[in-house]
Amino acid sequence: MSIIAGQGDAARSLALLWGEAEAGGGRTAPGPKPALSVAAVVAAAVEVADEGGVTALSMRAVADRLGRSSMALYTYVPGKAELVDLMYDRAHAELPGAYSLEDGWRAAATVWAADLRALYLRHPWLLQVSYARPVLGPCEQRVMEALAGVLFATGLPAYTLRAAAASLFDLVRGGARTRAEARLAAAATGVADTEWWAERAAQLGEVAPDFAERFPLSVRLSAGEAEGGAPASWEERMDATHAAGLALLLDGLEAVTEGRPGGVSPR
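Structure report, in brief. Computed from a predicted model, the values in this text were never measured in an experiment.

1. A few points about the overall build of the protein chain
Looking only at helices and strands, the protein chain has 13 helices and two strands in total. Relative to its full complement of 267 residues, the protein chain shows a buried share of 34%. Across the protein chain, contacts joining residues at least 24 apart in sequence account for 76% of those joining residues at least 6 apart. When the accessible surface of the protein chain is totalled, it reaches about 14,700 Å², and 58% of it is carbon and sulfur.

Given below as structure tokens:
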């Protein structure tokens, strides 16, 4: 189940995302300097989500990790909706704000995709936050700005690159989600993917002995994986599929680039 971002108070969320509230720590009355900060609350929330996903996230869980009461957190963050926005944005601060074009735009795009995919796999709860509505924070935007810097180096117009950027995000996010869910399935069931597939394949052969005749093109696709020298482990196979899909997408962008006046070679 996805969480829709941007459901909190817009003014409070955006002020927190862009740092206005951090300077005051959420407190205006005189007295001792507060021991907590927005950054500390967000960091603790990220730890909770890293361990248990967004389903484990609550103001109480974050407060317990910090050794505080839930009410103490509301001095810094209005509620869980705003906290999710902050967490999502701050996690993206782990990514570079720009990529070198020394080896060409295609090499830079490949590194960008690898970095984003690694971020999702480090923090799989990010994939539980729908990006249908962005949080509109500075760190999230830096990721897009970095990709835009790579794509505009192709010399293609903005309307073409907008579609390319959306496709790259969808490819990376979708592949990372499948890989993260495969890890979750193995951990939750205690059955490795290779074992699961072996058992199901054997049972399927018994109940549907004519499977290959009924679905010949599906079987042909599976054979194509073997012809390509598929890696042994399930995770390695998903990594290889991601790499191949990314290469196909960049091949298409490269073909468009080379076919337009003013287009720039990827290398």
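2. Some words on the pattern of salt bridges
For the coordinates displayed, the defined rule picks out 11 salt bridges. Here Asp239 makes a salt bridge to Arg117, at a shortest N to O gap of 2.9 Å. Taken together, the residues span a long stretch of sequence, with Asp239 in helix H13 (residues 234–258) and Arg117 in helix H7 (residues 105–122) at a distance of 122 residues. In this structure, Arg183 engages Glu235 in a salt bridge whose closest nitrogen and oxygen atoms are separated by 3.2 Å. Separated by 52 residues along the polypeptide, Arg183 in helix H9 (residues 158–189) and Glu235 in helix H13 bring together distant segments of the chain.

3. Observations concerning unusual backbone geometry
One non-glycine residue with positive phi stands out, namely Leu136, at about 65 degrees. By secondary structure assignment, the location of Leu136 is in the loop between strand E2 (129–130) and helix H8 (138–151). Overall, the relative accessible area of 48% leaves Leu136 in the partly exposed class.

4. Here we look at helix H3 (residues 38–52)
Its 15 residues give H3 an end-to-end C-alpha distance of 21 Å, which sits within 8% of 21 Å, the value for a rise of 1.5 Å per residue. Listing the buried residues of H3 in full gives Val38, Val41, Val42, Ala44, Ala45, Val46, Val48 and Ala49.

5. Topic: the packing of H3 against helix H4 (residues 59–66)
Orientation of H3 relative to H4, taken along the N-to-C sense of each, is 110 degrees, at an axis distance of 9 Å. With respect to H4, the element H3 is oriented roughly perpendicular. Between H3 and H4, the contacting residues are Ala40, Val41, Ala44, Ala45, Glu47, Val48 and Glu51 on the first element and Ala61, Val62, Arg65 and Leu66 on the second. Residue classes in the contact of H3 with H4 are distributed as eight nonpolar, no polar and three charged.

6. Observations concerning the environment of Leu121
Along the polypeptide, Leu121 turns up in helix H7. Spatially, the C-alpha atom of Leu121 lies 6.5 Å from that of Ala176, the residues being 55 residues apart in sequence. Other than its neighbours up to four places away in sequence, Leu121 contacts Ala176, Arg179, Ala180 and Arg183.

7. Considerations on the packing of H8 against H9
H9 packs onto H8 with a crossing angle of 125 degrees between their chain directions and a minimal axis gap of 11 Å. The orientation of H8 with respect to H9, classified from their angle, is oblique. The handedness of the crossing between H8 and H9 is right-handed. On H9, the residues touching Val143, Met144, Leu147 and Leu151 of H8 are Leu161, Ala164, Ala165, Leu168 and Phe169. Across the contact of H8 with H9, the residue classes break down as nine nonpolar, no polar and no charged.

The rules we used
Residues numbered from 1 in each chain as written. Predicted model: local features only at pLDDT ≥ 70, side-chain atom pairs only at ≥ 80, totals over all residues. Heavy atoms only, no water. Helix = DSSP H or I, 4+ residues; strand = E, 2+ residues; numbered from the N terminus. Buried < 20%, exposed > 50% of the residue type's maximum accessible area, 1.4 Å probe, protein only. Contact = heavy atoms within 4.5 Å. Areas by Shrake-Rupley, 256 points an atom, 1.4 Å probe, with all protein chains shown as cover. Salt bridge = Lys/Arg side-chain N within 4 Å of Asp/Glu carboxyl O. Expected span 1.5 Å × (residues − 1). Axes fitted to C-alpha atoms, helices over the stretch in contact; angles between N-to-C directions. Parallel < 35°, antiparallel > 145°, perpendicular 65-115°, else oblique. Nonpolar A, V, L, I, M, F, W, Y, C, P; charged D, E, K, R; others polar. Left-handed = near helix turned anticlockwise from the far one by under 90°.

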